[in-house]
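Chain by chain, the residues:
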Amino acid sequence: MVSHAVPTLEDVAARAGVSRATASRALLRQARVSAATIDKVTAAARELGYVADRGAARLAGHSPRTVGLIIRGARNAVYGELFSELGKHLRASESDVLATAVPAAMQVAEAEAILGRVLGVPLGGLMLANGSIRSEQVLPYVGRLPIMRVGHPESTPELSGVGYDEVTHGRLMADAVAAAGHRRVLAVGRPFASGQTQGVRIEALVARLRERGVAVDTVPVTTLELRLPADTVARALAAGCTALVCASDELAFQAMLAARESGVRVPDDLSVVGFDGYEPGLDLIGLTTVRLPVAAVARRAAELMLELMSTPGMPPVREVIAGELTVRTSLGPPRAT
């Protein structure tokens, strides 16, 4: 059950079985409070969805139309474009944006600390354009303000979401690879559990390829920095694969570089394809990719967030939008055997 009442410090103290003063000191992590008490009080605050309104007086100028945005760092071109587009559409509707950029992966405690700091400011709504903040971490705040995930898949019934249609994206690429004549493919990317966006697209791609009679091998990328395993190209060729499907353009770039360094010709010896469509120079290197509909997702997410903010009690809404496949020279027919 999710409570819609705004929890107080007294509620936290009662849940933790301590005094109000001790709860306050524990949340401030003062030295004279034991680690066990801090853990107990922090857990109680998290369960209740309590955040200290430390910034209320200092940031009293923030109106209820301010939207909080937690986004992955803009080193990735997709997130840079998403940040720009969301800001443009929200500002056009006279809403402010309070944004914080976070790393691609964080420990649970780090993510909760960031979430607490953002929710300590008066907000009209919260957008999560980052996979590090898990859905269960924001459920205690449902009912206090609209919460929406942007870009990443969202299936939690209590949360809204406007995402990329990664199932369609995976199928689009699978159809293109199969239509080019490839009968054995190596797919590389994060597994579903560690990277939802890549996981969904690769899962859909593998399923569609197998439906079309194409054999598929998979290589999970488990490193946080998304480095392609050094032996990927050699492994693909040794297995008889004629196409390498990378779950992102970043991985595809690495694959094409590794192929060149080892004398493997793309696409004559091995076709290489990716996903995202926003890295510079895609046309110069001829990378076949699915371009994410960032502008359309940002526009719809902004529209929906403003609607949720102005309509108390409106039920959550989840939508997905599909992008487009662009076939370039990195995808060709399989080499002659």
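For the structure itself, look to the data block above.
All of the points below concern the structure found in this document. Being a predicted model, the structure only gives us computed values, none of them experimental. Here the residue index of a chain counts from 1 through its sequence in written order. Under the rules for a predicted model, residues below a pLDDT of 70 receive no local features and side-chain atom pairs below 80 are neither given nor counted, while totals for whole chains, interfaces and linings still include all residues. Heavy atoms throughout the structure, all of them, feed into the side-chain values; hydrogens and water do not.

The 6 strands are arranged S7-S6-S8-S9-S10-S12 in an open sheet whose pairing can be described as mixed. The open sheet has two free edges, formed respectively by strand S7 (215-220) and strand S12 (324-326), since each of these has just one partner strand. Within this sheet the neighbouring strands show an average axis-to-axis angle of 20 degrees, counted without direction. One bridge is not enough; two strands pair if DSSP finds at least two bridges between them. The way it works is that DSSP assigns letters per residue, a run of H or I at least four long becomes a helix, a run of E at least two long becomes a strand, and they are numbered from the N terminus. When strand S6 (residues 184-189) meets S7, the two strands line up parallel, connected through 6 bridges. If you follow Arg 184 over to S7, its bridge partner there is Ala 215. Along the sheet, helix H8 (residues 196-211) makes contact with S6, S7, strand S8 (243-246) and strand S9 (271-276), crossing S6 at roughly 170 degrees. Sheet contacts for helix H10 (residues 249-261): S6, S8, S9 and strand S10 (288-291); angle to S9, the most-contacted strand, approximately 155 degrees. Geometry is summarised by axes, namely lines fitted to C-alpha atoms with helices restricted to the contacting stretch, and by angles between N-to-C directions that run from 0 to 180 degrees. Contacts are assigned to residue pairs with any non-hydrogen atoms lying within 4.5 Å of each other.

In this section: the nonpolar core. It is characteristic of soluble globular proteins that their nonpolar side chains tend to be buried jointly. Residue types Ala, Val, Leu, Ile, Met, Phe, Trp, Tyr and Cys, when buried and joined through side-chain atoms within 4.5 Å, form a set referred to as a nonpolar core. Burial classes follow relative accessibility: with a 1.4 Å probe on protein chains only, a residue under 20% of its type's maximum area counts as buried, one over 50% as exposed, and anything between as partly exposed. Leu 82, Leu 86, Met 127, Met 148 and Val 150 are the most contacted members of the largest nonpolar core, which has 27 residues in total. Broken down by secondary-structure element, the contributors of at least two residues to this core are strand S1 (67-72), helix H4 (77-92), strand S3 (125-129), strand S4 (147-151), strand S5 (160-164) and helix H12 (294-310). Here the element with the most residues in this core is H12; it accounts for 10 residues. Look past the residues within four positions of Met 127 in its chain and what remains in contact with it is Val 67, Gly 68, Leu 69, Ile 70, Leu 86, Leu 90, Met 148, Val 150, Ala 301, Ala 302 and Met 305. With 21 residues, the next largest nonpolar core counts Leu 186, Val 188, Ala 255 and Met 256 among its residues.

Moving on, we get to the environment of Ala 187. Turning to its location among the elements, Ala 187 is positioned in strand S6. Of the residues examined, Ala 187 reaches a relative accessible area of 2% and is grouped as buried. Sequence separation between Ala 187 and Ala 243 is 56 residues; the distance between their C-alpha atoms is 8.5 Å. Ala 187 has contacts with Ile 202, Leu 205, Val 206, Val 216, Asp 217, Thr 218, Val 219 and Val 245, leaving out every residue within four places of it along the chain.

By themselves, these figures tell us nothing about what the structure is for.
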